[in-house]
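Read off the chains here:
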Amino acid sequence: MSVNASWYLTLAAVLFTIGAVGLLVRRNVLVMFMCVELMLNAANLTFVTFARTLNDIGGQSEVFFVLVVAAAEVVVGLGIIVAIFRRRVGATADDIHNLKG
Amino acid sequence: MLRAAFLIPLFPFLGFLVLVPFGRRLGNPLAGWLATIMVACSFLTTIVVFAGLFRLAPDHRLYVQTWYSWISVDRFRVNADLLIDPLSMTMAAFVTGVSALIHLYSIGYMEHDEQFAKFFLYMNLFVSSMLILVLSGNFLLTFLGWEGVGVCSYFLISFWFSRPSAASAGKKAMIYNRIGDAGFLVAMFLIFERTGSLEYQTVFARLSHVGTPSLTAIALLLFLGAVGKSAQLPLYPWLADAMEGPTPVSALIHAATMVTAGVYLMCRINPILFRAPDAAHVIAIVGAATALLGATIACAQDDIKKILAYSTISQLGYMFLAAGIGAYTAAIFLMLTHAFYKALLFLGAGSVIHAMNDEQDTKRFGALRRAMPITAVTFLIGWLAIGGVPVLAGFWSKGDVLMNAWKNNSGLYIVGAVTAVLTAYYLGRAYMLTFTGQQRWVEARQSGGPQLHPHDPRWVMSVPLVVLAGLSVVAGLINLPFSHWDLLARWLTPVVGAHMFHPHFTTAQQWYFALADLLFAALGVAVAVSLWRGTAERPAAEPTVLRRAWYIDWAYDRLLARGSTELAEVTALDVETRTIDGAVNGVGALFRSSARVLRKVQTGYVRNYALGLMAGLVLVLAYVVSRTV
Amino acid sequence: MHDYLLAATIPDAITFVVAAAICVVGALGVVLSKNPVHSALMLIMTLFGVAVLFVEENAQFLAAVQVIVYAGAIVVLFLFVIMLLGVDRQEAINADPLGHQRLWALLLGALTLAEVLLLAKGNWATGAHSTSGSLDQNSRTNVYVLGKSVFTTYLLAFEITSALLVIAIIGAVVLARRTRSRIGSAGGGDLTPPFDDGQGPDDDTDTAGGEAPETALPEPDLVLSEGRLVTAGESAARPPSGSLGRPAAAAFGGDTSAPAPRPPSGASGAPNAPKQEAHR
């Protein structure tokens, strides 16, 4: 059988952290989006790990839905990005700062 | 007949009510006549009620007329009621009588004034309040009248309010009065607390249940009220300033009626004073001191009204002296006679002032005897009466007081004697300066100013003078020290008799006293005449300390008035602006500055906010870890 | 509960380690690559690694779906957009304009990792009974079990997600659509992005001077009329674009067809608004 669950969880944690840090550090909108996907994957990995540990198919069903929603989210998000980039090419996440206090 | 008592204060009040809307329309002189007639009607009603009271047996001369239940809260019940007994009727009689005469006089005195009607409506309101004060059957209604006369005094003193000195004099009077009123109020609280009622009859019946300390406190507090109202030491400076008002006001309010309210109160509470001998002692001493003080100051004043004002203070001191030693009849007797001759003197002074075109400085008068004979004669009679020249009223009334003082404490007698001499002296000085000597006003006026033709006033002003002069002569008859002639004492016995001081004098002693009084009067008159016969300049006889009234008023101003002002400034600036406002504004500033700092969190960058999210996540995870690990 | 944590076999361990390495390297690549295309490719690498791990964990269907949907569709979509927008040319500036952002990000990331590891060490599973059915039921295949679960227990969620997908498609079409406009208008009235601080895109000066009109407001020239997309028709000969993105954009029907230099104005959409309303 596979290795101990905690290894998977550790890996998932590492992936999640990398994704989170990347989200905070990168300015390019598309790369930020990809970091979000990373985080989602880490979550998926966790789900599947627990599905195995607890012998519960619900974990895998959850991943299924996460996948669907992630796909939908990416579609809409990229649509928005395209619409933004039509207006202003080279927009980065730092360009919206009008709500500065 | 007694039932008509309610009309006594009602007539002048009706006069007031009519004059308020229609006074201006009635105009000069109708408004004045209306007011005078109202007061005269009140006087007639008083006579009627007086007669009705007289018809009752001496022991039953008491009639309480309840109008309605005024205040009824739990235990506290006060009715609006009148107490008709010898004391109140005596007061009402001379108040209405003298008021009527002065109203008549005012028709002439105020004839050139634009606010003619307003004057009379204030006067009527005053008389109404004074009558309520005097006739009331409980402390609270008396206090109502007390306040009423105080406020009318304020209105009338500052009648010519466009004059700053008049306006501030009115304020000064009000403030001094208020200090006394505080005493009156606290006394009422105490009385109610100790006896459960404010009605005179009820309170006096229950006095045996009240301890002496409380009684002493009550007496002293009521005396404080009297000190304020009757201008005794230390609350007297307002009376001198009150001379800013028109002369009839000075005559009525500050000679005959309002200032006597304090004496009336002391006589009314004689059961309390009887049981609080320490308080009575204090009253007598304060009265004596004030008498001497007033007399000394009057010796060096130039303004004729100020002379009379300080004279009033001095004579009131006599009355309190009498009340303090328990000689209530003497006090009332003196109050009665004093009302006559003081009002006479004031009205005479008013005539002179009116004739001299509002000049009040005696140093500018002189030799008016020939120009104004009636005024001169009546003034002379007034002087001699107040001086205590025999046969005239003052001789008998002041003699009464001095005799009783001797038996109580010879020190008081000496003070009273000295004051008597001074009284005869300073008023003599006033007479000499005004009516004899050179016509100083001619020389003064020659350097500019209209020509003066002083002459006796119209009949509306002369008649009161004559009447009052007559009263000053014969009023002594009501209480002669011979047996069966002490009418006033017998009349007042139901009210004050039980607690009165009854020293016994042999006939010889009485003659000695009479002789002594004659001596004092003669001494004063002689000195006055000799010093001031030909000249108006005697700086030696008018030392500055007396001219400045012992600097007492100046001291009050420096210490209290300026002190309060500075305290107020400190409070306004340091406490209010810097501290309180600073604190309040500081709170606002605190928020603003903290907001300025906290604002930096809102950078506007999404990535910064994402950092915040991460930080929150870290915190939550930390919490979870702390719980499970 | 079945104890799947017993003896781990060596091949499993090796598989895990290799796959984990691939994942981590890929993740780091996503974050650290300067070129977004490289980031996308690294993402694919990570996704493959995760798929391998799914297989390891007896989630075969999911592994397949991961590769097909995630790596095969989503990342491709990413790449499409990267190419379309020409973002691959942009260089990330080395220094972060936001001070301390990187420092804090790393710090917080490290903290998060530490905490999660602490939690994971405690094997912090509730130990509850299986709620949705066991992983292997009578030795059915993973697909069967998963399908049964999705179509029975989680049927509602399934239906809703299908609705969600439809909505996403419609949303994407609407978002990315261009509407026709005449004189220098913003592309699509109310679909324009919110941040318009008065600087028209004309102020986004391009490094290549000759391309100024191009980087100006894109002329919406796609109009949905008569049931088909038509171009504005007045597109003059446009200066050649040097960007990769432009031909791709032209394939979609062209973007900027600027007739003449237009005054950049934020409110320039107003006169055309009624027109757009009619066409919409």
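Digging into the overall build of chain A
For step 1, the next point in the chain: Scanning chain A from N- to C-terminus turns up three helices and zero strands.
For step 2, the next point in the chain: Counting from the amino terminus, helix and strand elements in chain A follow one another as α-α-α.
For step 3, the next point in the chain: Burial statistics for chain A: of 101 residues in total, 65% are counted as buried.
For step 4, the next point in the chain: Looking at chain A alone, contacts between residues at least 24 apart form 48% of all its contacts between residues at least 6 apart.

Quick notes on the overall build of chain C
For step 1, the next point in the chain: When you go through chain C residue by residue, the secondary structure sums to nine helices and two strands.
For step 2, the next point in the chain: Across chain C, helices and strands are ordered from the amino to the carboxyl terminus as α-α-α-α-α-α-α-β-β-α-α.
For step 3, the next point in the chain: Taken across its 280 residues, chain C has 30% of its residues classed as buried.
For step 4, the next point in the chain: Put simply, 63% of the contacts in chain C that link residues at least 6 apart link residues at least 24 apart.

What to know about the interface of chain B and chain C
For step 1, the next point in the chain: Contacts between the two partners involve 14 residues from chain B and, on the opposite side, 13 residues from chain C.
For step 2, the next point in the chain: Taken together, the residues of the side of chain B that touches chain C sort by class into 11 nonpolar, two polar and one charged.

What to know about the interface of chain A and chain C
For step 1, the next point in the chain: Chain A puts 74 residues into the contact, and the matching count from chain C is 91 residues.
For step 2, the next point in the chain: For the side of chain A that touches chain C, the secondary-structure elements that each account for two or more residues are α1 (5–25), α2 (29–54) and α3 (58–87) of chain A.
For step 3, the next point in the chain: Considered class by class, the residues forming the side of chain A that touches chain C number 46 nonpolar, 18 polar and 10 charged.

Some details on the confidence of the model for chain C
Residue and element names in this part refer to chain C.
For step 1, the next point in the chain: Looking at chain C, the pLDDT average stands at 69 and 51% of residues meet or exceed 70.
For step 2, the next point in the chain: Of all helices and strands in chain C, the one with the weakest mean pLDDT is helix α9 (residues 273–279) (41), whereas helix α2 (residues 36–56) scores best (94).
For step 3, the next point in the chain: This stretch, residues 1–5, has a pLDDT under 50; its non-local contacts, to residues over four places away or in other chains, come to eight contacts.
For step 4, the next point in the chain: Predicted confidence is poor over residues 232–280, with pLDDT under 50, and the contacts of this stretch with residues over four places away or in other chains come to 79 contacts.

Comments concerning the nonpolar core
For step 1, the next point in the chain: Ranked by internal contacts, the top residues of the largest apolar core, which has 210 residues, are Met-266, Leu-321, Ala-322, Ala-331 and Ala-343 of chain B.
For step 2, the next point in the chain: Here Ala-343 of chain B is in contact with Val-98, Ile-102, Ala-251, Ala-255, Ala-256 and Leu-468 of chain B, once residues within four sequence places are set aside.

What counts, and where the lines are drawn
Residues numbered from 1 in each chain as written. Chains lettered and ligands numbered in written order. Predicted model: local features only at pLDDT ≥ 70, side-chain atom pairs only at ≥ 80, totals over all residues. Helix = DSSP H or I, 4+ residues; strand = E, 2+ residues; numbered from the N terminus. Buried ≥ 20, exposed ≤ 12 C-beta atoms within 10 Å, placed from the backbone. Contact = placed C-beta atoms within 7 Å. Nonpolar A, V, L, I, M, F, W, Y, C, P; charged D, E, K, R; others polar. pLDDT = per-residue confidence, 0-100. Core = buried A, V, L, I, M, F, W, Y, C linked by C-beta atoms within 7 Å.

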